[in-house]
Number of protein chains: 2
Amino acid sequence: MTIYDIAKEAGVAASTVSRVINNKPGIREETRKRVRDLLEKYHYTPNEAARGLVTQSSRSIGILIEDIRVSHHTESAYVIEQAMTARGYCCITLSTGPEEQKKREYVRILGQRRVDGAILIGSMLATEAVKESIEKHLKEIPVAIVNGALDLPNVYGVLTDEAGGIRSGVRLMAGKGKRKLAFIRDSCSPSNLEKENGFIAGMLELGRKREDLWIYRETDGPGRACGDKGAVKPLRTTRESLREGYHMALKILEDHPDVEGMIFSIDLLAAGGIQALTERGVKVPGQVAVMGVDNTIYGELCSPRLTTLDNKLEQVSAAASRILLDALEGKENPQKMMLFTDIIEREST
Amino acid sequence: MTIYDIAKEAGVAASTVSRVINNKPGIREETRKRVRDLLEKYHYTPNEAARGLVTQSSRSIGILIEDIRVSHHTESAYVIEQAMTARGYCCITLSTGPEEQKKREYVRILGQRRVDGAILIGSMLATEAVKESIEKHLKEIPVAIVNGALDLPNVYGVLTDEAGGIRSGVRLMAGKGKRKLAFIRDSCSPSNLEKENGFIAGMLELGRKREDLWIYRETDGPGRACGDKGAVKPLRTTRESLREGYHMALKILEDHPDVEGMIFSIDLLAAGGIQALTERGVKVPGQVAVMGVDNTIYGELCSPRLTTLDNKLEQVSAAASRILLDALEGKENPQKMMLFTDIIEREST
DNA sequence: CTGTTAGCGCATTCAG
DNA sequence: CTGAATGCGCTAACAG
C-alpha cells in the first residue's frame, strides 16, 4: 500500500495524499476527509525509508552501549530512549561489547543507517578507535557521550566528578577512624581511572605515600596489561562481577589483615566483597567499612546495605539527551560539562 | 558521498560501483580495485534507507519490551540482539511501557520502519491490543514472542512451564513440612496468572480448599481491577518492586502469623520479602521459607540466598531468535513451543 | 486548492 | 565486462 494506491482510489494526486498525511494546510476539508478515511481503511503507514531518503533525515538516533546487561547503563538507555521517543525519534540500540574493532564497526553502522544523532553510554566508549570512527562516519551529526568526553567538534561530553566523589569517600571513612583503605576496580575504563585518581588524592591527603597504596586492579589475564591494544576481554556477566568482588575481598584480607576499609569501583563488586567479609566473620562496618559506586539496586539488596557514590547517571543521561535534542534543533551548548556526585550513606560505613 | 560521486571519480558508471560494493562477480579486477580504493578513501558507506527502498528489506528487526530496566527482560534483549546482529540485522528496540495504547502505537512504528521481523519480550505484550495492531501493521512479517503467545498465523510463541514450576515449588516446600503457603504476584500479566494457577494446583494437591488460599495480588490502586481496560499503571522501578515485596510480606505476616512459606512471582519481590522477614526477626527458612522466580542476580545478593524458579529466559530468547531467523529464511517451525523450568534451590527454603 | 514533475541513493534489469 | 535506464515510495517545488 503506497500513497499512489490511496491517491488512485481517492481520485486525487499522490501529493495531495502526502499533504494530508503530513497535516499540511491548503486542502479542502472534504478532500482531506475522503483521503483520511482511506488511510484509515487500509491502515496505511508511510514508509520511513522513502520519507527519509527525500527529507534527508531518518528521524532516528543511535545509542551505543557496551553491554546492555549492565544495569546502570540500561537505566541510562531507558532515560535516553524515553526522551528521544517523546520527540518522535526512534532509537537504534547496539551493544558493542568490549572489543575496539566492534566499537568502530558499530559507529559505522549508525552512519550507514544515517541516524540524525548518536549517544554513547559509558566512558569505555570514549576511546581512540571510536574517535576515529566518528570522524569517518558520523562527522556531520551531533554525538553526546554519557560519562565521557572526546575532543571532536561535533561531540558533547557529560561527565561526573567521580574522582572528587571517591576522595570524599576516603574522607568519610577517615572520619570514622578507618585509615587503612584499599581500592578495587574492575576494568580500566577512563571512569575507573578517574576513581582511582580520586582514591590516590584522598589517601595522599591522609599523609599516605603513593607507593604504599593498596590498589587492586582486576586480573586482566596473563600478559595483558590494562589498555593493551587488541586485548580482547570477554564481557563479564553480573554474576561474574559479583564473584570477582568476592575473591578480591578475600585476597585483600589475606594481603593486609589489618585493612579497615574497601572502596570498590562498582556496587556489584562491593556486594561480592561484603558477602566474602560476612562469610569470613569480618564485621561490616565494624571491622571493615565498604563502599561502592553507581547507587544501583544491588546496594540495597546486600546486607548490610551498601554505602555508595551516586554518580547521577540519570541526570547525566537526561542532560546528554537534552543536549543532543538541542543540537538537532540548532541550539548550542557547551561541549563539555560536569555534574557532581553525592555519597549515599547506608549501613556499610 | 553517493555511488555517483564515486563513479564519476573512478570514471565508471554507478552500477559498476554498486557491483563492487555488493561483491558481485563480473568486474575486471583492475576496475574493482580502483573503485575499492575510492570507497576506502572517502569512507563511503551505502545509505541503508535507499538500499532498503529498492531491496524491499530494511535488514532490521524490531524488539518490543515493556520496560528495558527490568533485568530479565534486558538479558533477553541482549541475547536476541546478539543473535540478530551476528546475522547482519540491526535491532530497533522500543520500550512500550504498560499502556495498551502505547503498545499498539509502537507496533505501528515498527511497521512504519518496515522491519523484517519482530520480537516481543514478555507476556505483558501478548495482549488483545497488540494482537490487533499486529494484524494491521505487521501482517506480512514473522513475529516471535518471548514467554508468550498470540493466536495469529505469523506469530510464533515460545513459552515456559511456569505453572508446573510453581506447583513443584509448592511440593518442595510441602516436602519440608511447610504447608501454610502464600502466593504473591505483582502485575496481572498472563505469565503471572500462570504462576498463580500453578500455585492453586499445588495447594489443591495438598488438600487445601480453593477459597482458603492466601493469594496476594499487588494493589492496583483504588477502583482498578486487574485487567481493567484503560487502567494506566505507571512503570515501577526495581526499587519500588523491592519495597512492594517488603510491604507484602509484612501484610501477610499480620494477616496470617502462622504462615510457613511465601512464593513471590518475581525475585525482586521475594528479596524485599526476605528483608522484611529478617527485620521482624522471622527466621528464613526456619520459620518461613521463601521462593522467587526468574533466577536473577537479585536472588544471589540477598541473604539468605534465594531459592528461585529458573524460567530459562535465556533459552527462550535464543529459541525465539532462531525461530525468527528461520522464518526470515523461509524455514518453518511450530507456531508454539514450551520449555521446562527448573528450581534452583538455595538457602531460603 | 490540487496536479505535475523531479529527485532523494541505490540495485537491477537490459543492452552493448 | 560495463553503461544507461528504470523504479522503489515519498516530499517538495512549481504550475495551474
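Note on numbering: residues in each chain are counted from 1, in written sequence order. Just so you know, chain letters begin at A and ligand numbers begin at 1, following the order they were written in. Since the coordinates come from a predicted model, pLDDT governs what is reported: local features require at least 70, and pairs of side-chain atoms require 80 or more to be given and counted, while whole-chain, interface and lining totals use all residues.

Before going further, it helps to spend a moment on the overall build of chain A. Labels follow the DSSP assignment, with helices taken as runs of H or I lasting at least four residues and strands as runs of E lasting at least two, numbered in each case from the N terminus. Helices and strands together make up the secondary structure of chain A, namely 13 helices and 12 strands. On the principal axes, the C-alpha backbone points of chain A span a range of 85 × 35 × 35 Å.

This next bit is on the protein's contact with DNA strand C. Neighbouring DNA strand C are 25 residues; Val12 and Ser15 of chain A together with Thr2, Ser15 and Ala50 of chain B lie closest to it. If you list the elements that add at least two residues to the surface near DNA strand C, you get α2 (14–21) and α4 (48–55) of chain A together with α2 (14–21) and α4 (48–55) of chain B. Of all the elements, α4 of chain B adds the most residues to the surface near DNA strand C, at 5 residues. The criterion for a residue being near a molecule or strand is simple: its C-beta atom, placed using the backbone, must lie within 6 Å of it.

Once that is clear, we can look at the domain arrangement of chain A. Residue and element names in this part refer to chain A. Where each domain begins and ends is defined by an automated method or by a domain database. On domain assignment, one finds that chain A holds domain 1 (3–46), domain 2 (58–160 + 314–341) and domain 3 (162–311). A separation of 28 Å is found between the C-alpha centroids of domain 2 and domain 3. In this description, any two residues whose backbone-derived C-beta atoms lie within 7 Å of each other are considered to be in contact. Counting from both sides, the interface comprises 14 residues of domain 2 and, opposite them, 17 residues of domain 3. Within the side of domain 2 that touches domain 3, the residues separate by chemical class into 3 nonpolar, 8 polar and 3 charged. All amino acids are sorted into three groups, where Ala, Val, Leu, Ile, Met, Phe, Trp, Tyr, Cys and Pro are nonpolar, Asp, Glu, Lys and Arg are charged, and the leftover types, Gly among them, are polar.

Residues and elements named next belong to chain B. At least two bridges found by DSSP between two strands is the condition for calling them paired. Sheet architecture is open: 6 strands sit in the order β7-β6-β8-β9-β10-β12, paired in mixed fashion. The sheet terminates laterally at β7 (214–217) and β12 (342–344), the two strands that pair on one side only. With strand direction ignored, the average angle separating the axes of adjacent strands in the sheet is 20°. The pairing of strand β10 (residues 307–310) with β12 spans 3 bridges and is classified as antiparallel. Angles shown run from 0 to 180 degrees and are taken between the N-to-C directions of axes, each axis being a line fitted to C-alpha atoms and, for helices, limited to the stretch in contact.

So, on to the environment of Ile6 of chain A. All names here are of chain A. Considering the arrangement of structural elements, one finds Ile6 in helix α1 (residues 3–10). As a rule, residues whose C-beta atom has 12 or fewer other C-beta atoms within 10 Å are exposed, those with 20 or more are buried, and those in between are partly exposed; C-beta atoms are placed from the backbone. For Ile6, a count of 22 C-beta atoms within 10 Å puts it in the buried group. Here the alpha-carbon distance between Ile6 and Lys41, two residues 35 residues apart in the chain, equals 9.9 Å. Setting aside anything within four residues of it in sequence, one finds Ile6 in contact with Val17, Val35, Leu38, Leu39, Tyr42 and Tyr44.

Residue and element names in this part refer to chain A. Taken in spatial order, the 6 strands make up an open sheet running β7-β6-β8-β9-β10-β12, and their pairing is mixed. Across the chains shown, the open sheet's two edge strands, defined by having one partner strand only, are β7 (214–217) and β12 (342–344). Within the sheet, the average angular offset between the axes of one strand and its neighbour, ignoring direction, is 20°.

Before going further, it helps to spend a moment on the packing of α1 of chain A against α2 of chain A. Residues and elements named next belong to chain A. Direction vectors running N to C along α1 and α2 enclose 105°, while the axes themselves pass 8 Å from each other. Considering the angle they form, α1 stands roughly perpendicular to α2. Counting all contacts with α1, which are made through Ile3, Tyr4, Ile6, Ala7 and Ala10, the residues of α2 involved are Ala14, Thr16, Val17 and Ser18. Within the contact of α1 with α2, the residues separate by chemical class into 7 nonpolar, 2 polar and no charged. An angle counts as roughly parallel when it lies under 35 degrees, as roughly antiparallel when it exceeds 145, as roughly perpendicular when it falls between 65 and 115, and as oblique in every other case.

What follows is about the relation of the copies chain A and chain B. Superposition of the copies used a least-squares fit over C-alpha atoms from residues whose pLDDT is at least 70 in both. Of the transformation superimposing chain A on chain B, the axial component is 0.0 Å and the angular component is 180°, with the fit at an RMSD of 0.1 Å. One copy is carried onto the other by what is essentially a two-fold rotation axis. Comparing contact sets, 100% of the residues at the interface of chain A also lie at the interface in chain B, consistent with an isologous, same-surface contact.

Attention now moves to the packing of helix α6 (residues 100–112) of chain A against helix α7 (residues 128–137) of chain A. Residues and elements named next belong to chain A. Two numbers describe how α6 lies on α7: the axes approach to 9 Å, and their chain directions differ by 20°. As judged from the angle between their axes, α6 and α7 are roughly parallel. Pair α6 / α7 crosses with right-handed handedness. Of the residues in α7, those touching α6 at Glu100, Lys103, Arg104, Val107, Arg108 and Gly111 are Ala129, Val130, Ser133, Ile134 and His137. Residue classes in the contact of α6 with α7 are distributed as 4 nonpolar, 3 polar and 4 charged. Two helices that cross are described as forming a left-handed crossing if the nearer one is turned anticlockwise from the farther one by less than a right angle, and a right-handed crossing if clockwise.

In this complex, chain A contributes 41 residues to the contact, which on the side of chain B involves 41 residues. Only α4, α5 (71–86), β2 (90–95), α6, α7, α10 (238–255) and α12 (298–301) of chain A provide two or more residues apiece to the side of chain A that touches chain B. Ranked by residues supplied to the side of chain A that touches chain B, first place goes to α5 of chain A with 6 residues. Taken together, the residues of the side of chain A that touches chain B sort by class into 17 nonpolar, 14 polar and 10 charged.

Taken together, 25 residues lie near DNA strand D, and Thr2, Ser15 and Ser18 of chain A together with Ala13 and Ser15 of chain B sit nearest. Elements represented by at least two residues in the surface near DNA strand D include exactly α2 and α4 of chain A together with α2 and α4 of chain B. The greatest single-element share of the surface near DNA strand D, amounting to 5 residues, is contributed by α4 of chain A. Of the residues belonging to the surface near DNA strand D, the class tally is 13 nonpolar, 10 polar and 2 charged.

Topologically, Lys283 of chain B is positioned in the loop between α11 (267–279) and β9 (289–293). Note: C-alpha distance between Lys283 of chain B and Ser348 of chain B (65 residues apart in sequence) is 9.6 Å.

It is worth spelling out the pairing of strand β8 (residues 261–264) of chain B at this point. All names here are of chain B. Covered by surrounding structure in β8 are Gly261 and Ile263 together with Met262 and Phe264, the residues of both alternating faces. When strand β6 (residues 181–185) meets β8, the two strands line up parallel, connected through 4 bridges. Of the residues in β8, the one forming a bridge with Ala182 is Met262.

Moving on: the nonpolar core. With 88 residues, the main nonpolar core has Ile63, Ala118, Ile119 and Ile145 of chain A together with Ile63, Ala118 and Ile119 of chain B as its most contacted residues. Contact partners of Ile119 of chain A, with chain neighbours within four places excluded, come to Ile61, Ile63, Ile80, Ala144, Val146, Ala320 and Leu324 of chain A. The nonpolar core criterion groups buried Ala, Val, Leu, Ile, Met, Phe, Trp, Tyr and Cys residues into a set whenever they are joined through C-beta atoms within 7 Å. In this structure, Ala182, Ala271, Ile274 and Leu309 of chain A belong to the second largest nonpolar core, which totals 78 residues.

Next up on the list: the environment of Ile80 of chain A. One can find Ile80 of chain A in helix α5. C-alpha separation for the pair Ile80 of chain A and Ile63 of chain A, spaced 17 residues apart in sequence, amounts to 8.6 Å.

Here we come to unusual backbone geometry. With the exception of glycine, the majority of residues adopt a negative phi angle, and the majority of peptide bonds are in the trans configuration. Residues Val284 of chain A and Pro285 of chain A are joined by a peptide bond in cis, for which omega reads 5°. Counting through the fold element by element, Pro285 of chain A comes out in the loop between α11 (267–279) and β9 (289–293). Cis geometry marks the peptide bond from Ser303 of chain B to Pro304 of chain B; its omega dihedral reads 0°. Tracing the chain through its elements places Pro304 of chain B in the loop between α12 (298–301) and β10. Positioned with a positive phi, Arg114 of chain B is a non-glycine residue whose angle comes to about 50°. Residue position: Arg114 of chain B is located in the loop between α6 (100–112) and β3 (117–121).

Right, let's talk about helix α8 (residues 162–175) of chain B for a bit. An α-helix turns once every 3.6 residues. As a result, residues three or four positions apart point the same way. Residue and element names in this part refer to chain B. Any helix carries an expected span of 1.5 Å times its number of residues minus one. Helix length check: α8 (14 residues) gives 20 Å between terminal C-alpha atoms against 20 Å at 1.5 Å per residue, within 8%. Taken residue by residue, α8 has Glu162, Ala163, Gly165, Ile166, Arg167, Gly169, Val170, Leu172 and Met173 as its buried positions. A positive phi of about 85° marks Gly177, the residue just after α8.

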